[in-house]
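Residues per chain are reported as follows:
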Amino acid sequence: MSLKKSKLDLLVRVRYSNPLPAPPCPPKLLDIPTNPKRYARPELLNALANQTPLPMIVDAECGMPLDLSKWECLWQEGADDSELNPDPDNLPKLDPKDDFLAYDAAGPSTGAYTNGNTPSASQGTPLSMYPGFAKQNTQASPMRSSKNVQAPPIDVSHAAQIRDIEATFVAANQDFSLKNLRHPTKPKLTAIESYEVLPDIDIWPNQYDLFRFSERPGERALDMEDPRLDCAILRPMKSEHDSFLSYYLTPDDKTAFTFKENRSKLQPYEKGFDDSPLKTEFRFVRDYETVKVEQEVPNEFLLVLNDGSPSNDMEDSQKRRMKGAYYKNIERKMTLKKKRAKIQEKYPDKWDVIQMQYCDMDAGEVEERDEALAEVIDPMYMMRGEADADADAEDDPLSIPTGNGADVVMADA
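Conventions we followed
- Residues numbered from 1 in each chain as written.
- Predicted model: local features only at pLDDT ≥ 70, side-chain atom pairs only at ≥ 80, totals over all residues.
- Heavy atoms only, no water.
- Helix = DSSP H or I, 4+ residues; strand = E, 2+ residues; numbered from the N terminus.
- Buried < 20%, exposed > 50% of the residue type's maximum accessible area, 1.4 Å probe, protein only.
- Contact = heavy atoms within 4.5 Å.
- pLDDT = per-residue confidence, 0-100.
- Polar contact = N/O pair within 3.5 Å; in protein donor to acceptor, adjacent residues only side chain to side chain.
- Core = buried A, V, L, I, M, F, W, Y, C linked by side-chain atoms within 4.5 Å.
- Phe/Tyr/Trp six-rings, centres within 6.5 Å; stacked < 30°, edge-to-face > 60°.
- Pairing = 2+ DSSP bridges.
- Axes fitted to C-alpha atoms, helices over the stretch in contact; angles between N-to-C directions.

A. Expanded view of the overall build of the chain. Within the chain, the secondary structure is distributed over eight helices and eleven strands. Looking at the 413 residues of the chain, the share that counts as buried comes to 13%. Excluding contacts between residues fewer than 6 apart, the proportion of contacts in the chain whose partners are at least 24 apart in sequence is 66%.

B. View of the confidence of the model for the chain. Taken residue by residue, the chain gives an average pLDDT of 76. The fraction at 70 or more is 74%. Across residues 397–413, confidence stays below pLDDT 50; counting only partners more than four residues off in sequence or on other chains, it has 14 contacts.

C. Local environment of the side chain of serine 246. Structurally, the position occupied by serine 246 is in strand E4 (residues 243–249). Here aspartate 287 takes part through its side chain, which lies 2.9 Å from a polar atom of the side chain of serine 246. Beyond its immediate sequence surroundings of up to four residues, serine 246 is in contact with Ile233, Leu234, Arg235, Met237, Phe284, Arg286 and Asp287.

D. Region of interest: the nonpolar core. In terms of nonpolar packing, the biggest core is built from seven residues, these being Phe213, Leu245, Tyr247, Leu249, Tyr288, Met334 and Leu336. When contributions to this core are tallied by element, the ones reaching two or more residues are E4 and strand E8 (332–338). A per-element tally of this core places E4 first, with three residues. Aside from chain neighbours lying at most four places away, what touches leucine 245 is Phe211, Leu234, Arg235, Pro236, Arg286, Asp287, Tyr288 and Leu336.

E. Focus on the packing of aromatic side chains. Overall, the coordinates contain seven aromatic pairs when judged by the stated rule. Ring centres 5.7 Å apart and planes at 90° place the aromatic pair tryptophan 204 and tyrosine 327 in the edge-to-face group. Placement of tryptophan 204 in the loop between strand E1 (197–199) and strand E2 (209–213) and of tyrosine 327 in strand E7 (residues 324–329) is noted, with a sequence separation of 123 residues between them. Overall, tryptophan 204 belongs to the buried group, its relative accessible area being 10%. Residue class for tyrosine 327 comes out partly exposed when judged on its relative accessible area of 24%. Ring centres of tyrosine 248 and phenylalanine 284 lie 5.7 Å apart, and the angle between their planes is 70°; this geometry places the pair in the edge-to-face category. In this pair, tyrosine 248 is assigned in strand E4 and phenylalanine 284 in strand E5 (residues 279–294), connecting sequence segments 36 residues apart. We classify phenylalanine 284 as partly exposed; its relative accessible area is 23%. Ring-pair connections join several aromatic residues into one group, and the members of that group are Trp204, Phe301 and Tyr327.

F. Structural context of the environment of alanine 374. With respect to the helices and strands, the residue alanine 374 is situated in helix H7 (residues 363–377). The exposure class of alanine 374 is buried, given its relative accessible area of 7%. For the pair alanine 374 and isoleucine 201, spaced 173 residues apart in sequence, the C-alpha to C-alpha distance is 9.7 Å. Other than its neighbours up to four places away in sequence, alanine 374 contacts Tyr381 and Arg384.

G. Spatial organisation of the sheet that holds E1. Spatial strand order, E1-E7-E6: three strands in an open sheet with mixed pairing. Edge positions in the open sheet fall to E1 and strand E6 (301–306), since each of these has one partner strand only. Taking each pair of neighbouring strands and ignoring which way they run, the sheet shows an average axis angle of 35°. With six bridges connecting them, E6 and E7 associate as antiparallel partners. Bridged to asparagine 306 within E7 is glycine 324.

Below, the structure is given as structure tokens:
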């Protein structure tokens, strides 16, 4: 006869009391000085909130069960379906609990109700009990009748569009006054100067993305200034399972200052001297992964205020732009967080050091830049796009459009 041993044979279920004595004196509050910069911002928890799934327990009927077995006409042939399809001339009487649903919100009318009864003047409507409803109702009635009036045709010709656009600038040119400007949310502020908002032609062909880090990048403390952060490199990477970004910084502050000084001396798309190309070293810091990506950023721009003041340099004074606020839109906005390092994860195209220098643009890059720049310097840019579309349609006369948006292309045998 075999005995089956339990796995809990070595556990002794005995509890010993260990009362703690009362403290000899009341507790004291200690004032420990803490730097406020050590606290995290509330946005730090946004990533955790976005990753937490919402518990939504809904049954197959979405909380609204419908018992179809109550109607025999759905299951038997020739059954009476008057309950589902009532006669419009002989409608069934509504339940007294549902009478208020048949009332007209705009007030009593002469038309017949669903149950054939009209409410009396003493009953009224639920909205008529509120003060001022009758006045609002009388004011809204002409608006309802005006909806039936056919609007006049709108002139969409090219000349009419130019006329309407120029009319919008009257308030900004002829009738403009700084004293009449009011801030939409801060009425105590006073406008002291105005600028014309113009596209920034110097940087318009470039594409800019806005990156927001959950923590400050780099290895320095928050109270230490780091001039390397505004000249970093984010290199797209891809492993076997996911995609991420590698973050690179200059080895010291001197290299960052030299890089920014050399770049400020060059004009846009100028690479410097060919005999001694400018090189800058960037070293790998860590990897970051994207938490949130916004493909459309309509409310954030790069804005440069230029007061149009003259410069001492003759060359700069010739290239001086007029006074205005020059803007460039932002293509995407991303939120980054630190990527957890995995020992087993390997990707072959990893760089520890980057030697960066400028080079000439090839023909494809120059064409792409000119095409993007034509959007703000070519007055006929929109017309040119329509002309290209018409030319493509003429070059392919055998393309027959179908109803679902596809094209059927016929070829000769």
